[in-house]
Amino acid sequence: MYNPTVLTSPEGLSDGILNRDRRALSRAMSWVEDEHPGVDRLFRRLHGRTGRALRVGITGPPGAGKSTLVARLAQLLRARHAEVGIVAVDPTSPFTGGALLGDRIRMPELAADDGVFMRSMATRGSLGGLAAATHEVVDLLDAFGVDWVLLETVGVGQSELDVARMADVTFVVLVPESGDAVQAMKAGLMEIGDLFVVNKADRDGADRSVMEIRSMLALRDRKGRRPLEVKTTVAVDGTGVPELLDAVSAFLETARADGSFAARRRKVERWRLLQLAQRVLVRRLTIGEAGESALERLTDDVLARTTSPHDAAAELVEAALKGMAGRT
Ligand SMILES: Nc1nc2c(ncn2[C@@H]2O[C@H](COP(=O)(O)OP(=O)(O)O)[C@@H](O)[C@H]2O)c(=O)[nH]1
Ligand SMILES: [Mg+2]
């Protein structure tokens, strides 16, 4: 029997999540963020229950209206009886998770809705990296049973782009300001978008922006790919949001039919596997006295200029791999 009081072990937490206990879900998310040692065992039990939720990436410059759009999409999905997870990656506010806090104020009905789950991720400099941690939080929501995960990320910097890439479909949110699309292209956003949105279409220049984006997208290599859509929205009053959701759904439907959905998931999982393998390896390198002393000895050698850092790193890995083989 599931015992809701036992939320301190990987088994207790995974049972809690599979029994739809929100406290277990949020504790597990904290474990992921803290790189708690129980995370490996947690995923051993939960991984088989993931893969069902659809992952939608929302990216674009700060202030474009991403959070407002996410809240609108969540409302719309809730009205269709879907459960929604919202994960916001906002490096500009690592402590307060300001974006979601803002949503709580603007959208109190979402915060009170028990079919909506929000989490704000802080950027971390630790081993797994932001993208890996975000992926795990998304998987937790998936195992919990949400139908959709809306993944908001500021479109600046490599780790944020990595986050956007893990979604099944990603749309880029821009505003009708001259030069916005040019900035977006420089930031690499034009390559990762599957759909484009000109939000704040209540302002002047939305049509011009749409045309600007279309002409930029024409430069993108589109061999064999479906044409990229550019939508307009007014997130503050919801205008265009149902059409945006339709476009997202249509994209996913086509992607499932032509195999690109599965191919993208495979690519993401392969990438994640390599990331995790790096983490395992780096941990292994410094485990135990043998590991620590090899690291210290090789650091001495590098400082004494008797070994290059590159050869020392290779030697460290060789030694760790031998150690692993010895233990199996
Ligand atoms: N005029 C107008 N303002 C908007 C629209 N969408 C969002 N905003 C406002 O733009 C600001 C930034 O929105 P936010 O969703 O926090 O942007 P984010 O940084 O991309 O998440 C807020 O003050 C919103 O109320 C819109 O469609 N029209
Ligand atoms: Mg935001």
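In this text the structure is predicted, and so the values were computed from the model without any measurement.

## Section: the coordination of the magnesium ion (ligand 2)
Metal coordination angles in their ideal form are 109.5 degrees for the four-donor tetrahedron and 90 or 180 degrees for the six-donor octahedron. Note on the magnesium ion (ligand 2): its protein donors are Ser67 (OG) and Glu152 (OE). The metal-donor distances range over 2.1 Å. Note that serine 67 is positioned in helix H4 (residues 66–79) and glutamate 152 in strand S4 (residues 148–154), a separation of 85 residues in sequence. Both residues of the pair, serine 67 and glutamate 152, belong to the buried class.

## Describing the site of ligand 1
Taken together, 16 residues surround ligand 1, and among them Gly63, Lys66, Ser67, Thr68 and Asp202 come closest. Measuring from an oxygen atom of ligand 1, one finds a backbone N or O atom of glycine 63 at 2.7 Å. In the complex, the protein chains occlude 74% of the 580 Å² of accessible area that ligand 1 would expose alone. The element best represented in the shell around ligand 1 is H4, accounting for three residues. Residues of the shell around ligand 1, tallied by class, amount to six nonpolar, five polar and five charged.

## Re the sheet that holds strand S1 (residues 54–60)
Read from one edge of the open sheet, seven strands run S3-S2-S4-S1-S5-S6-S7, paired in parallel fashion. Bordering the open sheet on either side are strand S3 (116–121) and strand S7 (229–232), each of which pairs with just one other strand. Neighbouring strand axes in the sheet, compared pairwise and without regard to direction, differ in orientation by 20 degrees on average. The pairing of strand S6 (residues 195–198) with S7 spans four bridges and is parallel. The residue bridging phenylalanine 196 from the neighbouring strand is valine 230, located in S7. Along the sheet, helix H11 (residues 206–217) contacts strand S5 (169–174), S6 and S7; its crossing angle with S6, the most-contacted strand, is approximately 155 degrees.

Cut-off values and rules
Residues numbered from 1 in each chain as written. Chains lettered and ligands numbered in written order. Predicted model: local features only at pLDDT ≥ 70, side-chain atom pairs only at ≥ 80, totals over all residues. Heavy atoms only, no water. Donors = N, O, S within 2.8 Å, 3.2 Å for Na, K, Ca; no water. Helix = DSSP H or I, 4+ residues; strand = E, 2+ residues; numbered from the N terminus. Buried < 20%, exposed > 50% of the residue type's maximum accessible area, 1.4 Å probe, protein only. Near = heavy atom within 4 Å. Polar contact = N/O pair within 3.5 Å; in protein donor to acceptor, adjacent residues only side chain to side chain. Areas by Shrake-Rupley, 256 points an atom, 1.4 Å probe, with all protein chains shown as cover. Nonpolar A, V, L, I, M, F, W, Y, C, P; charged D, E, K, R; others polar. Pairing = 2+ DSSP bridges. Axes fitted to C-alpha atoms, helices over the stretch in contact; angles between N-to-C directions. Contact = heavy atoms within 4.5 Å.

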